[in-house]
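Descriptive structure summary
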Amino acid sequence: MIELLLLGVGVGTLSGFFGIGGGTILVPLLLLLGHQIKDAIGISIVQMVFSSIYGSYLNNKKKTLDIPLVLTIGIGGFCGAMLSGFIASSVDDRVLEIIFLSFALFALIRLFFKTTVGKAQRSVHKGILFVIGLVLGTVSMLIGVGGSILLVPILVTFLHVELKKAISAGLFFVIFSSVAGLISHSLSRDIDFMSGAIIGVASFVGVYIGIHLKERVDAVLQKKLLVIFYLLVVLYLAQRVFL
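Parameters and conventions
Residues numbered from 1 in each chain as written. Predicted model: local features only at pLDDT ≥ 70, side-chain atom pairs only at ≥ 80, totals over all residues. Heavy atoms only, no water. Helix = DSSP H or I, 4+ residues; strand = E, 2+ residues; numbered from the N terminus. Rg over C-alpha atoms; globule rule 2.2 N^0.38 Å. Buried < 20%, exposed > 50% of the residue type's maximum accessible area, 1.4 Å probe, protein only. Areas by Shrake-Rupley, 256 points an atom, 1.4 Å probe, with all protein chains shown as cover. Lys, Arg positive; Asp, Glu negative; His and termini not counted. Charge placed at Lys NZ, Arg CZ, Asp CG, Glu CD. Salt bridge = Lys/Arg side-chain N within 4 Å of Asp/Glu carboxyl O. Expected span 1.5 Å × (residues − 1). Bend = angle between axes of the 7 residues up to and from the residue. Patch = residues over 30% accessible without salt bridge, like charges linked within 9 Å, V, L, I, M, F, W, Y side chains within 5 Å. Core = buried A, V, L, I, M, F, W, Y, C linked by side-chain atoms within 4.5 Å. Contact = heavy atoms within 4.5 Å.

**A short note on the overall build of the chain**
Helix and strand content of the chain: 10 helices and 0 strands. For the chain, the α and β elements follow one another from N to C terminus as α-α-α-α-α-α-α-α-α-α. Radius of gyration (C-alpha) of the chain: 16 Å, near the 18 Å computed for a compact globule of 243 residues. Over its C-alpha atoms, taken along the principal directions, the chain stretches across nearly 45 × 35 × 35 Å. Counting every position in the chain, which comprises 243 residues, the buried fraction comes to 56%. When the accessible area of the chain is evaluated, it comes to approximately 10500 Å², of which 72% is carbon and sulfur surface. Taken as two groups, the 18 positive and 11 negative side-chain charges of the chain have centres that lie 14 Å from each other.

This is the structure in structure tokens:
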């Protein structure tokens, strides 16, 4: 119980600070603690429902959440995530770990591309936004991450969305993907709801801390910390897959 509570606070803090659903760090930690990847994915999805809803509520109160920006992407993510559980049940564990590693590596590489400060935010057709959400929802829920691990770099790099605004949008997207992912995975196999719920409730404390820290940290420093975070995840997963 204590272990799960500490995990919840830690994951929630990272979730609020970096705008991620928590799965990017929770799944590797659960693997480190001896869980099989499919069990870790299930627990992660339950936790993400809690942290993303609460985190988006706090972001909206602070007026950093642009709901129209991500709503179409979120609907696409919901549709895609509904397929994830049935796909995951037929995919080998090692393949899931390789997909997880690829996700983290892509997100890390994209963050090294310089973002033009002050550049006008791009307007994109809603059909394209829906397809982006559909793909992210399907693949991200397949491995138990919310999708913001890729959405935040896409918003910042390609659509020129300011980083703090993109982080809030990324966490809001996780609501759509995690709720649909939870439904899909529950229908296809057993999920440890109790562990996920304990971590999820404990993550409320962490999310509150993380969001308040996000508002007090310079965007440049926040990006550097995000790069370090992704790098650690990539190194750990590479060690699991290749060694």
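From this point, things continue past the structure.
**What to know about the pattern of salt bridges**
Side-chain pairs of opposite charge can arise whenever the charged atoms involved come near each other. Within this structure, the stated rule accounts for 4 salt bridges. Among the ionic pairs, Asp 66 bridges to Lys 165, the shortest N-O distance being 3.3 Å. In this pair, Asp 66 sits in the loop between α3 (37–61) and α4 (67–88) while Lys 165 sits in helix α8 (residues 163–188), placing the two residues 99 residues apart along the sequence. A relative accessible area of 24% means that Lys 165 is categorised as partly exposed.

**With respect to α4**
With 22 residues, α4 extends 30 Å from end C-alpha to end C-alpha; this agrees with the ideal 32 Å at 1.5 Å per step. The largest bend along α4 reaches roughly 25° and is located at Ile 73. All of the buried residues in α4 are Leu 69, Val 70, Thr 72, Ile 73, Gly 74, Gly 76, Gly 77, Gly 80, Ala 81, Ser 84, Gly 85 and Ala 88.

**Observations regarding a nonpolar patch on the surface**
Residues Ile 67, Leu 71, Ile 75, Phe 130, Val 131 and Val 135 make up a contiguous nonpolar surface patch of about 450 Å² in total accessible area. Listed by contribution, the elements that provide at least two residues to the nonpolar patch are α4 and α6 (126–142). On the accessibility criterion, Leu 71 (36% relative accessible area) is partly exposed.

**Regarding the nonpolar core**
Taken as a class, soluble globular proteins show a tendency for nonpolar side chains to be buried jointly. Ile 149, Leu 155 and Tyr 230 are the most contacted members of the largest nonpolar core, which totals 72 residues. Other than its neighbours up to four places away in sequence, Ile 149 contacts Thr 24, Phe 103, Ala 104, Ala 107 and Tyr 230.

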